[in-house]
Amino acid sequence: MTAQILDGVALGQKLRAGFKQRADELAAQGTRPGLAVILVGEDAASQVYVRNKVNACAQAGIHSEKYAYAPDVAPQVVLDKIAELNADPKIHGILVQLPLPKHFDADVVLEAIAREKDVDGFRAENVGALMQGQPCFIPCTPYGAMKFFEEAGVSLKGKEAVVVGRSNIVGKPMAMLLMHAGATVTVCHSQTKDLKAHCLRADILIAAVGKAKMITGDMIKPGAVVIDVGINRMQDGPNAGKLCGDVDFETAKEVASFITPVPGGVGPMTITMLLANTLESAERAASA
């Protein structure tokens, strides 16, 4: 068996095809969708992510504003900017690029974003709404993963799903979405005993732990659908410096039925769903 590749670039382009039309229709009614992105510090990966998000907005007809701050900026400066953006009717989504420098309390910053502009879905209120099955905005990375299942025609009802990783950004919301879709979900983490045994039960395996190639082919149930959320740089060997996921792609693809590559899998879909959430926020504002 060789897995079918779930191409995030192709699926993202397919979904984005209708975004510009939606944005232009809103603009014709007097509402141009707007996204504000806040970047604190000089993390190279974060700078790339922010640049990709700004470029994607331009292609989708979404107005974007970027606010970059030095790594030693006082947290209150960023909080004041968020308050200003909350009150700005031209802005429908506010994104604070994580991680933040250590002198920031990320929870305080995320909670400062107005609920109706929290297009990342990270505010506690939005997280609670997701748990109840009534999300205001679905966090972008898990949202993108769910779109892969739709595209591949994979039913989640009654399936055994294993999520490796329990972060607030991916692992926990991913588990909620899978459960709402009818899957039986196990969340594994650093304290889990016999991770391999759990993974081998999974019809659906989500790897979101941040460790390069830790999920190998012998840990995957034949025919499983594998979604690799990890983005890591290989540290040594002939491929040092190259991007890889949490899954050992070469061995996993010989066992799985579907698999996402890294790069080109979940990453592009995360940005696509950020655009989708921003458009949805603007549409809500226009109809209010």
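What counts, and at which threshold
- Residues numbered from 1 in each chain as written.
- Predicted model: local features only at pLDDT ≥ 70, side-chain atom pairs only at ≥ 80, totals over all residues.
- Heavy atoms only, no water.
- Salt bridge = Lys/Arg side-chain N within 4 Å of Asp/Glu carboxyl O.
- Helix = DSSP H or I, 4+ residues; strand = E, 2+ residues; numbered from the N terminus.
- Buried < 20%, exposed > 50% of the residue type's maximum accessible area, 1.4 Å probe, protein only.
- Contact = heavy atoms within 4.5 Å.
- Arc of directions from axis to C-beta.

Under the definition given, this model contains 14 salt bridges. Measuring nitrogen to oxygen at the nearest pair gives 3.0 Å for the salt bridge that ties K20 to D24. Of this pair, K20 and D24 both sit in helix α2 (residues 19-28), four residues apart, roughly one helical turn. Among the charged side chains, a network of salt bridges with common partners joins K20, D24 and R32.

Mapping A68 onto the fold places it in strand β3 (residues 63-69). For A68, a relative accessible area of 55% gives the class exposed. For the pair formed by A68 and S167, sequence separation is 99 residues and the distance between their alpha carbons is 25 Å.

Here we come to the environment of G245. For G245, the location among the structural elements is in the loop between β10 (243-244) and α10 (249-252). With 90 residues separating them along the chain, G245 and S155 place their C-alpha atoms 24 Å apart. Residues contacting G245, with those up to four places away along its chain left out, are K211, A212, K213, D228, G230, N232 and V262.

Within the sequence span of α2, burial applies to F19, A23 and L26. Each buried residue of α2 lies within a common arc of 60° when the element is viewed along its axis, so the set occupies one face. Facing away from the buried side of α2 by more than 90 degrees, the exposed set consists of Q21 and A28. Among the structural elements, α1 (8-16), α3 (44-60) and α11 (266-287) are those in contact with the buried residues of α2. G30 sits one or two residues past α2 and shows a positive phi near 100°.

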